[in-house]
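# Structural characterization, general
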Amino acid sequence: MTNNRLAIDVGGTFVDFVALDESTGEIQIDKAPSSGLLEERFFEGIDSLDLDLTALRNIIHGSTLVINTIVQERGARIGLITTKGFRDVLELGRGNREEIYNLFYTPPPPLIERYLRLEVSERLDARGEVVTPLDEGEARAAIRQLKAERVEGIAVVFLHSYINPAHEERMRALAQAEYPQAAVTISSEVCREWREFERASTTVLNVYAKPKLARYLASLQNELQRRKFAGSLSIMQSSGGITSLSAAQAGPIRTTVSGPAGGVIGVAALGTRLGEANLVAADVGGTTFDVALVSQGQPLERNEHRINRRPVLQPTIDIVSIGAGGGSIAWLDEAKGLRIGPQSVEAEPGPACYGLGGALATVTDAQLILGYLDPDYYLGERMRLSRALAATAIDENVAKPLGMDLRAAAAGIMHLANMNMAYAIRNITIERGHDPREFSLVCYGGGGGLFAGFLLDELEAASAIIPLNPATFSAWGLLNADYREDYSRTFLKPFADVSVEQLKRELDSLESDVRERFTETGIAPSQTMTQFHAAMRYLGQEHTVKAPILAADFADELRPLRQRLDALHERAYALALPESAAEIVSLQVTMLGVTAKPRIKPMSAQPPGEPLKGNRAIHIRDFGSRLVAPVLRRECLAAGSEVPGPAIIEEWTSTILTLPGQAATVDEYGNLIIKRVDQ
Amino acid sequence: MSQVDPITTQVIRNALKAAADEMMISLIKTAHNPLIYEVQDFGLALTNDRGEMLAEGSGLPGFMGCLGPTVQSGLRALGRAGFREGDILLANEPYETGTHISDTAVYMPIFFDGELVAFSALMAHWADIGGKTPGGWCPDTTDIHQEGLIFFHDKLYEAGALNQTFQRFILNNVRFPELVHGDLNAMIAACRTGAKRYIALCKRYGAGVLRQAMERVFDQSEALMRAKISEIPDGAYSASVMMDHDGVELDKPYRLAVTVCVRGDEMHVDWTGTASTVKGPTNHPFVGTEALAQTVLKSLTMPFDPMNHGHLRPLTVAAPDNTAVSPLYPAATDSYGYVGEMIIHLIVKALAQAIPERCPACSYQMFGGAIYRMDPRHGEPFIYIDPLAGGAGAFPHADGPSGLIFVGDGNAPNTPTEVIEGRYPLRVLRHTFNLKGAGKGKFRGGFGVTREYQMLEDNILIQTMNENTIETPWGLYGGEDAGVSQLTAWTGTEREQTIRGRVYFYGPFNKGDIITQSSAGGGGWGDPNERDPALIEYDRRNGLLTPED
């Protein structure tokens, strides 16, 4: 078997394939539309890359199947079993009104109707001690009732199971005995944190997606076996680590943002190589703009996120997504204010300039009018764009109603789209206690290159980096992921009551739990790395800060750890209370199975071909009259070359624009690094 | 100078909204008091130099509309020349700022090139304001001086210099000085963030362009609002309700009455017919009464549009002097929220005669309370505050949502059972729908909530809030009215008591004692006989029908 690896990233519009030959660092890429049956797209891509499956060591798959199942509400018919007195918690939620001016505000409806939510007698207290034992007669009756209702899956959520899962585990055993065909998830197996509604929501979503993901992965595996693939198939998780097929099948909820996570892992890996520790990952796709931060070399994570307003408690890379991309629609609101997105055109007909019948003005149409895109070289000549159709769409929808000329309207669309993205980046950085000026932007996704120059100026960032093959960068990122398992547990003890030995004991027990899960990946123990974190807060607070637990913390009655709370709280909330009593709310262990990282092939000193393709008139708002920019072929730019702005740099599937006052240099691996000249 | 182009106008409008959002991030990140960073009991805005709102941040509805008038009150009191660069002012005199004394406004004038160009302002519930009841929300005061410290456009910072005596005086007169100090600093930081962003925009576009762009936005928003009002049939639409009592005169219900006049593209809201100022603290200051009318108008016409001064131009609000919705000094206002909640629902009820398709039936009203032990001799002190969610009024097109917090509390989430049991000596026995008390209809009101607590220790007291137990939340167009919210004490024992009023220092409850809180549902919408059989089948299947159905 060779060292070849393949990453497959399924996105909303495209499936991206990146094949890596680890002995040479050579990569091959391809893109296919993501419409139709995913299993078919998967193997079509493999066929088109002409890969020898028998020689592949590893396939890493980032999938949108779980998130789509949840967003489109096309999951399985399932039931829920809860502690007596609490079956309505799933529907009552937290009771808050997220839209304060909306008189018709309605929370998301529960995915399980009330008659399929059953209760059984059992009760633990907040210390995990049994108040009422599990009534096995009621438990069996509940399972039989759900079986009679022909549910495909059963979620089990008992109060305080985060601290003692015994009743839930017994319930799972009973369910497997009474109804072995059902997919069963108990809440303590998907997360060990308090807050019953959020835990129930996570558990229910997991069961909801389970049958569908299991069928999909089984069918991939069958076809791979038929084709004599003998390597491993790994699945990307929201945490940015990969996991085994069986773990993904048991825990689909771990994979919800697996695609975007690949890009962020790629950004962190790129940063390591470039010696840049603070980076903004800015992924511009056709419909969404995803932003995440890499700080001190580590992607920022969070423990909770939402899918269609439904909470999910899982370690997840902290990605903020807004509806902004090439396909975003430019429209006028009732007050005649120009808005960009959040709606975007469907993949078909697409932007007006595609000539497939679209009549709405999009960001892509504006970019074409402004001269940023070459109508004859879109997606590497796979598609021809119509300037006339773009002009009509912008004229009719924007320019005429606002009394502006076409170019000014197009420049306005681009400017507002750019500002929306800049605000998204500003908000995530300042909200997490950082200053955007201390970060470099890594712009990728098919559309990233056209926004990089604008965002660099607007945010006064350190630099903007466009990796090679930005359109398939997220797939490349998958190749950089390590195996990862997380385990967390609500601990809830004031510092005053925790001894060094007690904390050590607790972490040891967590580590042995996570190691057990890890054995099936086949990673040798010598290749694993363990990290511990504590979520801590001052007494009386609700929000926590998460800090790493280091070896040095097991001294001086845990004072170093207590001091880290002050330091991190200061960063996040501009406030430290060193005198205040504090508590440890939960403990988290992360085990990484370190994989070999792809080598990046340095560029050849003098790539063949002439970089200059020609000159084009372009229009940029804030730079007045028409500018003339050279159009360059990226693949012909040698390492070390420097391109003064404005310039257009084209490559297959992506175009980069630099502004006046900026200069782009090519590093030895082919990354394009844009800086302001006056820096 | 030529007119500002539409793109620049839109960029500036978005930039001001982003600046207000940044003020909010700054406030939430630096506040010490969970009422601010979790319940979001605040409002914030940028106004122009005349106190007209340019952009608002999120928070509680109603607060934002109070900030413009607060700044205008300051302009009246001090004059333009009375403001200097670097000033930070405090104001909470409720007749000028609109709510109750705990909601203290902090605002600052913004100068560019030596000229007053704008204000950044916010209002937040302080952890304490030195009144009769710790933390505010006095249930039984009869004049404002019992409610706490009054600020009337007083400068905490004068031209950038902190008045230390004033600050010390404030902190010496509140119960939780560290919390208050932290929140005050957070509010100041947020004001300064707003000022910084506004000044950056002045540098980029020029103060004149900013002014012109926002005038244009005001004009556009006004034109749009006029168009929206024109869609409402002309007429005078009235509604009224009897409130239970004012917290002091417990046997004396009082009336709130409103008439909404729609004429062409203008709307006028008149509170003639409302009872005189009441003796207890449930009066609602007129500035807030006006702000809530604006909130309702916006909610009915364009709930998702960022609000600015232009939206408000076509709306006028009036009330005779000295009523429960226009009290004068020294009326008590600390429990203003009961009336505030009803102001919103009453205007919707009046307009339901004109635009039924946009108006939900009435929701359950403010209910819940606190479970606490204050005296350390009786055990470790704690306080658990529990505003209970309830049923929302039915929509003209769907059943009302169940278990949503009352409108005035906005985006505040409940406390999970696992958190309650981890923190307090309480066990939650049930957290379920309350199937009683939702109004039937073609579309039924949302269900209220039942939450039952068992005490795990001795000497525990409770306080409750409740309203509209005499005239209950109404249905619309043949939909039934909702039931009442109530608390049962010592559930399942011979001492069992049903409590519909407001109690405080009630108890003591001892280990094993049970209390059951049940909030009302919402009113129904439309004739119950027209209910879709599929909905009836849904209710039947899910056990949502009561025995009498």
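Reading the values: rules and limits
Residues numbered from 1 in each chain as written. Chains lettered and ligands numbered in written order. Predicted model: local features only at pLDDT ≥ 70, side-chain atom pairs only at ≥ 80, totals over all residues. Helix = DSSP H or I, 4+ residues; strand = E, 2+ residues; numbered from the N terminus. Rg over C-alpha atoms; globule rule 2.2 N^0.38 Å. Buried ≥ 20, exposed ≤ 12 C-beta atoms within 10 Å, placed from the backbone. Contact = placed C-beta atoms within 7 Å. Core = buried A, V, L, I, M, F, W, Y, C linked by C-beta atoms within 7 Å. Domains from an automatic or database assignment. Nonpolar A, V, L, I, M, F, W, Y, C, P; charged D, E, K, R; others polar. pLDDT = per-residue confidence, 0-100. Expected span 1.5 Å × (residues − 1). Arc of directions from axis to C-beta. Pairing = 2+ DSSP bridges. Axes fitted to C-alpha atoms, helices over the stretch in contact; angles between N-to-C directions. Parallel < 35°, antiparallel > 145°, perpendicular 65-115°, else oblique. Left-handed = near helix turned anticlockwise from the far one by under 90°.

### Looking at the overall build of chain A
Each helix and strand in chain A was counted, giving 16 helices and 33 strands. Here chain A has a C-alpha radius of gyration of 26 Å; the compact-globule value for 679 residues is 26 Å, and the two agree. Dimensions along the principal axes, computed over C-alpha positions, put chain A at roughly 80 × 60 × 60 Å. Among the 679 residues that make up chain A, the fraction classed as buried is 53%.

### Things to note about the overall build of chain B
Secondary structure summary: chain B contains 12 helices and 20 strands in total. Taking 2.2 N^0.38 as the reference for a compact globule, 549 residues should give roughly 24 Å; the C-alpha atoms of chain B span a radius of gyration of 24 Å, in line with that estimate. The principal-axis extent of the C-alpha atoms belonging to chain B is close to 75 × 60 × 40 Å. For chain B, buried positions account for 60% of its 549 residues. Taking contacts inside chain B between residues at least 6 apart in sequence as the whole, the part at least 24 apart equals 74%.

### Details of the nonpolar core
Counting residues in hydrophobic clusters, the biggest one holds 320 residues, and the most contacted among them are I413(A), L441(A), L455(A), L27(B), L122(B) and I347(B). Of all the elements, helix 6 (residues 177-205) of chain B adds the most residues to this core, at 12 residues. Residues within four places of L455(A) in sequence aside, it is in contact with A282(A), N418(A), M421(A), A422(A), I425(A), L441(A), A461(A) and A464(A). By size, the runner-up hydrophobic cluster in this structure holds 19 residues, among which are F491(A), A535(A), L561(A) and I584(A).

### Quick word on the domain arrangement of chain B
Residue and element names in this part refer to chain B. Here the domain parsing of chain B yields domain 1 (6-221) and domain 2 (360-549). Taking only C-alpha atoms, the centre of domain 1 and the centre of domain 2 are 35 Å apart. Taken residue by residue, the interface counts six residues in domain 1 and six residues in domain 2. Classifying every residue of the side of domain 1 that touches domain 2 by side-chain character gives four nonpolar, two polar and no charged.

### Quick notes on the confidence of the model for chain B
When pLDDT is averaged along chain B, the result is 94; 99% of the residues meet or exceed 70. Scored as a complex, the prediction yields pTM 0.93 and ipTM 0.93.

### Structural notes on helix 5 (residues 166-178) of chain A
Residues and elements named next belong to chain A. Spanning 13 residues, helix 5 covers 18 Å between terminal C-alpha atoms, matching the ideal 18 Å at 1.5 Å per step. Of all the positions in helix 5, only H167, E168, M171, L174 and A175 are classed as buried. Seen from one end, helix 5 has its buried residues packed into an arc of 120°, which puts them on one side. Residues of helix 5 that are buried make contact with strand 5 (78-83), strand 7 (123-124), helix 4 (136-148), strand 9 (153-157), strand 10 (183-186) and helix 6 (187-190).

### Let's talk about the interface of chain A and chain B
Size of an interface, as often reported, equals the accessible area lost when the parts are brought together. Taken together, the contact pairs 51 residues of chain A with 53 residues of chain B. Of all the elements in the fold, those that place two or more residues in the side of chain A that touches chain B are helix 3 (89-92), helix 7 (196-226), helix 12 (406-431) and helix 16 (559-573) of chain A. For the side of chain A that touches chain B, the element with the highest residue contribution is helix 12 of chain A, accounting for eight residues.

### Details of the sheet that holds strand 1 (residues 42-48) of chain B
Residues and elements named next belong to chain B. Read across the sheet, seven strands follow the order 2-1-5-4-3-6-7 without closing on themselves; strand pairing throughout is antiparallel. Every other strand in the sheet has two partners, leaving strand 2 (53-56) and strand 7 (161-162) as the edge strands with one partner each. Relative to strand 5 (residues 115-125), strand 1 is paired through seven bridges, and the arrangement is antiparallel. Bridged to N48 within strand 5 is A118. Packed on one face of the sheet, helix 3 (residues 64-78) meets strand 1, strand 2, strand 3 (88-91), strand 4 (103-112), strand 5 and strand 6 (152-158) and runs near 55° to strand 1.

### Here's the deal with the sheet that holds strand 6 (residues 117-120) of chain A
Residues and elements named next belong to chain A. Spatially, 6-5-9-10 is the arrangement adopted by the four strands of the open sheet, whose pairing is parallel. Every other strand in the sheet has two partners, leaving strand 6 and strand 10 as the edge strands with one partner each. The sheet shows a mean angle of 20° between the axes of neighbouring strands, direction not considered. Judged from the four bridges that link them, strand 5 and strand 6 form a sheet pairing that is parallel. Residue pairing across strands places T82 opposite E119, the latter belonging to strand 6. Relative to strand 6, helix 4 is tilted by about 165°, and along the sheet it contacts strand 5, strand 6 and strand 9. Packing against the sheet, helix 7 makes contact with strand 5, strand 9 and strand 10, and its axis sits at approximately 165° to strand 9.

### Observations concerning the pairing of strand 2 of chain B
As paired strands, strand 1 of chain B and strand 2 of chain B are joined by three bridges and run antiparallel to one another. By the bridge assignment for strand 2 of chain B, L46(B) is matched with A55(B).

### A word on the domain arrangement of chain A
Structurally, chain A comprises domain 1 (1-51), domain 2 (73-213), domain 3 (483-593) and domain 4 (612-676). On a C-alpha basis, the centres of domain 2 of chain A and domain 4 of chain A stand 55 Å from each other.

### Details of the packing of helix 4 of chain A against helix 5 of chain A
For any two helices packed against each other, one specifies the crossing angle of their axes together with the interaxial distance. All names here are of chain A. In contact at an axis separation of 10 Å, helix 4 and helix 5 are set at 45° when each is read in the N-to-C sense. Considering the angle they form, helix 4 stands oblique to helix 5. At the point where helix 4 passes helix 5, the crossing takes the right-handed sense. Note on element contacts: helix 5 touches helix 4 through M171, L174, A175 and E178, opposite E136, A139, R140, I143, R144 and K147. Split by residue class, the contact of helix 4 with helix 5 holds five nonpolar, no polar and five charged.

### Points about the packing of helix 11 (residues 387-402) of chain A against helix 12 of chain A
All names here are of chain A. The contact between helix 11 and helix 12 brings their axes to 9 Å, and the two run at 90°. With respect to helix 12, the axis of helix 11 lies roughly perpendicular. Judged by residue contacts, A391, I394, D395, V398, A399 and L402 of helix 11 engage L406, A409, A410 and I413 from helix 12. Among the residues forming the contact of helix 11 with helix 12, the class breakdown is nine nonpolar, no polar and one charged.

### What to know about the environment of Q249(A)
All names here are of chain A. Examined against the element boundaries, Q249 turns out to sit in helix 8 (residues 245-250). Residue class for Q249 comes out buried when judged on the 20 C-beta atoms lying within 10 Å of it. C-alpha separation for the pair Q249 and A166, spaced 83 residues apart in sequence, amounts to 23 Å. Not counting residues within four places of it along the chain, the set of residues in contact with Q249 comprises L213, A214 and L217.

### Structural notes on the pairing of strand 17 (residues 310-317) of chain A
Residue and element names in this part refer to chain A. The element strand 17 is largely enclosed, with a buried count of eight among its eight residues. Burial along strand 17 is two-sided: R310, V312, Q314 and T316 facing one way and P311, L313, P315 and I317 facing the other are all buried. Note that strand 16 (residues 301-307) and strand 17 share six bridges and pair antiparallel. Looking at strand 17, one finds that E301 is bridged to I317. Counting the residues that bridge the hairpin from strand 16 to strand 17 gives two residues, and of these N308 lies at a positive phi of roughly 50°.

### Things to note about unusual backbone geometry
Omega for the peptide link from G645(A) to P646(A) comes to 0°, which places this bond in the cis form. Note on placement: P646(A) falls in the loop between strand 29 (642-644) and strand 30 (647-651). Omega for the peptide link from Y329(B) to P330(B) comes to 0°, which places this bond in the cis form. Looking at the secondary structure, you find P330(B) in the loop between strand 11 (315-318) and helix 10 (337-351).

### With respect to the environment of V10(A)
All names here are of chain A. Its location among the elements puts V10 in strand 1 (residues 4-10). Taking the C-alpha atoms as reference points, V10 and S63, separated by 53 residues in sequence, lie 5.2 Å from one another. If we skip the residues at most four places from it in the chain, V10 touches V15, S34, L38, G62, S63, T64 and G259.

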